[in-house]
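# Structural characterization, general
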Amino acid sequence: MINSLRNAAFGLVAMLAVEDAALRLGADDSELDPTRSLASADATAPAMDAGTEMPRIQFANAGFESRTDGWSIHVYGAQPEIETDTRIVHEGQQSLRVSSTDPSDTALGQELMLRAGRWYRFRGWVRTRSLVPQSAPVCGTFQIQMPGGAGIIASGANHRGNTDWTEVAIEFEAPPGGQTRIAIFFAGFGKGTGTAWFDDLKLEEVDTAGETLRITRDFLPGKINPLQYGQFIEYLCDLVPSMWAEKLYDGSFEGPSPYKFAFLRETDFREKPWHPYGAVNRADYVLDRDRPVSGGVAQRISVKGGAPCTVGLAQDGIAVEKRTACDFSIFLRQSGIKGSVKVRLHREERELSSATIEPGNDWKKFRARLIPLETEINATLSITFNGPGTLWLDNVSLMPEDNVGGWRRDVVTAVKELKPGVIRFGGSALDDANLGEFEWKDTIGDPDRRKPFRAWGGLQPTGPGLEEIVRFCKLVEAEPLICVRFSKRKPEDAAEQVQYFNGTAETPLGRLRVKNGHAEPYRIKFWQVGNERAGAEYETHLGAICEAMQAADPSITLFSSYPTEGVLKQAGAWIRYVCPHQYDCANLAACERELEATRELIGKHEAGKSVKVAVTEWNTTAGDWGPRRAMLWTLENALACSRYHNLLHRHANLVEIANRSNLVNSFCSGIIQTDNHRLYKTPTYYAQQLYATHAGSRPLKIESKVSVRAPPDVSATLSEDGSVVALLAVNATLDDITRPIDLSAFGEQGQELSVWTLADRGRSGQPDVTNSFGDPERVALVESKFRAVGVKFKYQFRALTLTLLLWRVK
């Protein structure tokens, strides 16, 4: 995931590379190529509060009647002639003319203060003569940019060669904070020659309230694949442990987990460590490297001669339920101990359950069934013996018997109800040595003999290995998508992994799988090569890896990492999906441009082939560590993610798979949040559940005089059997919005519609509201009914809501 912040290095075209550098790296202007930024101008329009009269937005010198006053000018390459022209004008007394006979990168800019989240329509006129964009992807047009030029919001059509006066209209959404840059391009992000005139610029706020949304029977290209609602699991601090039913931390005594990242260091979850217990003044505690069961050490507790004493180890913070049995297991050996080892579950001195064990001189695994007499969320498990003597301990476990294949029952239920379709396993622990030590072969076989490892600093329990993760996917009825390691690996390594999971019992790795307890192949269909990889080394070796994996199982579907020209050239014969990561999904325009650029790349190199896009990680951010990361579990994030799903619907013929990051905990990004005995679902969980359970398979064309992204952002779908139209509408603004809706293409009379709404129960008007353990359903889905008096009706979409209207087709 973390490498997505460096995604700009592998941009598809120059313009995308520049935009990614700003948006994903969080760079300021000084970090970008100077051709990508324009100095700020002083001209602004007043910011308006919600509910005030629609503003008339005034440019400084919008018709260039005062030469270039109010506009900043940036030139790279040859110096052009920048003059006003009184002979060739579109409106007023003069226009702006930019001309250069030598290659020049020239742009002008002006910044305005608009109302954040509101939609605007920019209009400007352009004329060209012999304009040749020699290396510039942008020429003879206008752009709407983030402040300081740090990212593109929207672009107008390019004009080159000889064109008469042509109006360029751009609809766009004002960015957070409202500050917006209007940019005029002679040639940009490269150089060009020729002449361009610009004149008569206007900007107005778009009033969407009276604009009808007419749902047509025309299909948009492609079908919506339910795998668009996929999820993502990786070894990241406590992500996998928070899903696993194990109640003890660090059962193999590997030591503390200094997480490498934090949300709020003061309150972030930390596992409760083992601590000395009993007459600790009499005992020596040593991590012994001599003959551990697994991992690098075992715990040794020694008491030398003297009076008898009770010593041992304990761990606090354990949640147990009354009469819900737990399976306790431990490896023990001893020397010189007379008597038994006692295992107790207790709250202070109030005993909940206990058992005794008689260890011998050699390692042996012991089990005990502990049935708590009461429910307790902060119990202690202690393991004690009477000294003198020496006791060695390793691989301690306490598992509730109601686990589901080792996983928490409540987590399995919540994920299954989410209907994710596909769950990807991957992440930075695979291919970034600084963040993980993952080796898939270390996570298979007997859990008691597996090697513990760390990911992002967090110690991972030996129980939930890759094989258990695959089984989890099957439990929740999702297709697993397995990412194999690229760094320091050969093609035969990847082929062995495929053979282990998919090979018959007659193959070498298939036999190992049978030995490990799973006779039947897992038949994993989806495999990805490398996590967040690009560059010459990856492109050179990708084809050989794909060929080896396909030879191990010809039925598998292969995914590359980032989409690049080299990937398609070197491995286009094998890969079915190229996989960008989009961690700025709140910037829909940027995401859409990247998808369109990927479409063009595929069309250029894979014409006639069926290569598609799988966005194998996406969210509103991959970074923003610290308090700002709290945005990931807010209602605002749920609405941004919903708008991204609408975008994917509109590109259904390109994007078939998408995996939101992350599934559980993960410093706010998990749509499920757990502690030691409960969970709650964030607003984004409910949003994704609504899409996965109610959106149809056929995207419908919506006719409107304003963009379908203008509030509310809408998507319309038809169910596979043609019986239900679903209209999904996201109003991320602070105002209620009423829109006329026309469903006459699907009936002749009104009806009662089923309505689902995701909203803040408290109606606070605050986008940052969220759920919590104390109030787990403050933001949740509510079902209601709405009586449409006819096939044409008006509907009020409340502020800060996701709304689903279900219309029965007759």
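Before any of the text, the structure's been laid out above.
Here the structure is a predicted model, which is why all the values come from computation and not from measurement.

## Quick word on the overall build of the chain
For the chain, the count of helices and strands is twelve helices and 40 strands. The dimensions of the chain, computed from C-alpha atoms along their principal axes, are 110 × 60 × 55 Å. Counting over 810 residues, the chain shows a buried share of 60%. Accessible area for the chain stands at about 31,200 Å²; split by element, carbon and sulfur atoms hold 48% of it. Positive and negative side-chain charges of the chain, numbering 93 and 102 respectively, have mean locations separated by a distance of 4 Å.

## Section: the sheet that holds strand β14 (residues 309-320)
Read from one edge to the other, the open sheet built from five strands follows the order β11-β14-β19-β16-β17, with strand pairing classed as antiparallel. The sheet is open, and its two edges are formed by β11 (275-278) and β17 (350-357), each paired on a single side. Between one strand and the next, the sheet's axes are offset by a mean angle of 30 degrees, whatever the strand orientation. With five bridges connecting them, strand β16 (residues 341-347) and strand β19 (residues 376-387) associate as antiparallel partners. Among the inter-strand pairings, arginine 344 is bridged to a residue of β19, identified as serine 382.

## Side note on the sheet that holds strand β15 (residues 326-335)
Reading across the sheet, the five strands line up as β12-β13-β20-β15-β18 and stay open at both edges, with antiparallel pairing between neighbours. Two strands lie at the open edges of the sheet, namely β12 (283-288) and β18 (364-370), each paired on one side alone. Strand after strand, the sheet turns through a mean of 30 degrees between neighbouring axes, direction not considered.

## Remarks on the packing of helix α10 (residues 588-605) against helix α11 (residues 635-650)
The description of two helices packed together rests on the angle between their axes and the distance between the axes. For the pair α10 and α11, interaxial distance at closest approach is 11 Å and the crossing angle is 30 degrees. Taken together, the axis directions place α10 and α11 in an arrangement best described as roughly parallel. Seen from above, α10 lies across α11 with right-handed handedness. Residues Leu588, Cys591, Glu592 and Leu595 of α10 touch α11, and the partners they reach there are Arg643, Tyr644 and Leu647. Looking at the contact of α10 with α11, its residues break down into five nonpolar, no polar and two charged.

## Considerations on the nonpolar core
If you look at the biggest cluster of nonpolar residues, it comprises 113 residues, and the most contacted ones within it are Phe472, Trp527 and Met549. Top contributing element to this core by residue count: α11, with seven residues. The residues contacting phenylalanine 472, other than those within four sequence positions of it, are Ile233, Met243, Trp407, Val411, Val412, Val415, Ile423 and Leu663.

## Some points on the pairing of strand β25 (residues 526-529)
Of the two faces of β25, the one holding Phe526 and Gln528 and the one holding Trp527 and Val529 are both buried throughout. Across four bridges, strand β24 (residues 479-484) lies against β25 in parallel orientation. Across the sheet, leucine 481 pairs through a bridge with phenylalanine 526, a residue of β25. Bridge analysis of β25 against strand β26 (residues 557-559) gives three bridges, and the strand direction is parallel. By the bridge assignment for β26, tryptophan 527 is matched with leucine 558. In the classification by handedness, the crossover that spans β25, the intervening helix α8 (residues 536-552) and the parallel β26 is right-handed.

## Structural notes on empty space enclosed by the protein
For the coordinates displayed, the defined rule picks out seven cavities of 30 Å³ or more. If you add up the space inside the second largest cavity, you get close to 50 Å³. Lining the second largest cavity are Leu430, Phe438, Glu439, Trp440, Cys483, Val484, Arg485, Arg489 and Gln497. Residue composition of the lining of the second largest cavity, grouped by class: five nonpolar, one polar and three charged.

## Observations concerning the packing of aromatic side chains
Summed over all chains, the structure comprises 32 aromatic pairs. Ring centres of tyrosine 235 and phenylalanine 438 lie 5.5 Å apart, and the angle between their planes is 35 degrees; this geometry places the pair in the tilted category. With tyrosine 235 in the loop between β10 (230-234) and α2 (239-243) and phenylalanine 438 in the loop between α4 (428-431) and β22 (453-455), this pair connects stretches of sequence that are 203 residues apart. Taken as a pair, tyrosine 235 and phenylalanine 438 share a single burial class, namely buried. One aromatic cluster is present, formed by Phe59, Phe64, Trp71, Phe122, Phe142 and Phe198 through successive ring pairs. One Lys or Arg, arginine 333, reaches over the ring of tryptophan 392 and ends 4.0 Å from the middle of that ring. It is arginine 576 that lies over the ring of tyrosine 577; its NZ or CZ is 4.8 Å from the centre.

## Comments concerning the environment of glycine 696
Within the secondary structure layout, glycine 696 lies in the loop between α12 (683-694) and β33 (698-703). What glycine 696 contacts, discounting residues up to four positions off in sequence, is Ile224, Thr717, Leu718 and Ser719.

## Some points on helix α6 (residues 491-502)
The end-to-end C-alpha distance of α6, which contains twelve residues, comes to 16 Å, matching closely the 16 Å that a straight helix rising 1.5 Å per residue would cover. Those residues of α6 not exposed but buried are Ala494, Ala495, Gln497, Val498, Gln499, Tyr500, Phe501 and Asn502. Check the buried side of α6 and you find it contacts α5 (466-475), β24, α7 (508-515), β25 and α8.

## Brief notes about the pairing of strand β6 (residues 152-155)
The sheet contact formed by strand β5 (residues 138-145) and β6 spans three bridges and is antiparallel. Looking across to β6, one finds that glutamine 143 is bridged to serine 155.

## Observations regarding a positive patch on the surface
On the surface, a cluster of positive charge is contributed by Lys785, Arg787, Arg808 and Lys810. Position of arginine 787 among the secondary structure elements: in strand β38 (residues 779-788). On the basis of relative accessibility, which here comes to 53%, the residue arginine 787 falls in the exposed class.

## Notes on unusual backbone geometry
Of note, the bond from serine 661 into asparagine 662 is cis; its omega dihedral lies within 30 degrees of zero at 5 degrees. With respect to the helices, strands and loops of the structure, asparagine 662 is situated in the loop between β30 (655-660) and β31 (672-674). Cis geometry marks the peptide bond from proline 711 to proline 712; its omega dihedral reads -5 degrees. Tracing the sequence through the fold places proline 712 in the loop between β33 and β34 (713-718). Even without a glycine there, the phi angle at phenylalanine 253 is positive, about 60 degrees. Considering the arrangement of structural elements, one finds phenylalanine 253 in the loop between α2 and β11. When its relative accessible area of 2% is taken as the criterion, phenylalanine 253 is described as buried. Non-glycine residue glutamate 477 carries a positive phi angle of around 65 degrees. For glutamate 477, the position within the fold is in the loop between α5 and β24.

What counts, and where the lines are drawn
Residues numbered from 1 in each chain as written. Predicted model: local features only at pLDDT ≥ 70, side-chain atom pairs only at ≥ 80, totals over all residues. Heavy atoms only, no water. Helix = DSSP H or I, 4+ residues; strand = E, 2+ residues; numbered from the N terminus. Buried < 20%, exposed > 50% of the residue type's maximum accessible area, 1.4 Å probe, protein only. Areas by Shrake-Rupley, 256 points an atom, 1.4 Å probe, with all protein chains shown as cover. Lys, Arg positive; Asp, Glu negative; His and termini not counted. Charge placed at Lys NZ, Arg CZ, Asp CG, Glu CD. Pairing = 2+ DSSP bridges. Axes fitted to C-alpha atoms, helices over the stretch in contact; angles between N-to-C directions. Parallel < 35°, antiparallel > 145°, perpendicular 65-115°, else oblique. Left-handed = near helix turned anticlockwise from the far one by under 90°. Contact = heavy atoms within 4.5 Å. Nonpolar A, V, L, I, M, F, W, Y, C, P; charged D, E, K, R; others polar. Core = buried A, V, L, I, M, F, W, Y, C linked by side-chain atoms within 4.5 Å. Right-handed = clockwise from strand over helix to strand, strands pointing away. 1 Å grid on protein atoms, 1.4 Å probe; cavity = no way out; pocket = protein on both sides within 12 Å on 5 of 7 lines; lining within 4 Å. Points joined across faces, edges and corners; volume = space filled by probe spheres on them. Phe/Tyr/Trp six-rings, centres within 6.5 Å; stacked < 30°, edge-to-face > 60°. Lys NZ or Arg CZ within 6 Å of the ring centre and 35° of its normal. Expected span 1.5 Å × (residues − 1). Patch = residues over 30% accessible without salt bridge, like charges linked within 9 Å, V, L, I, M, F, W, Y side chains within 5 Å. Salt bridge = Lys/Arg side-chain N within 4 Å of Asp/Glu carboxyl O.

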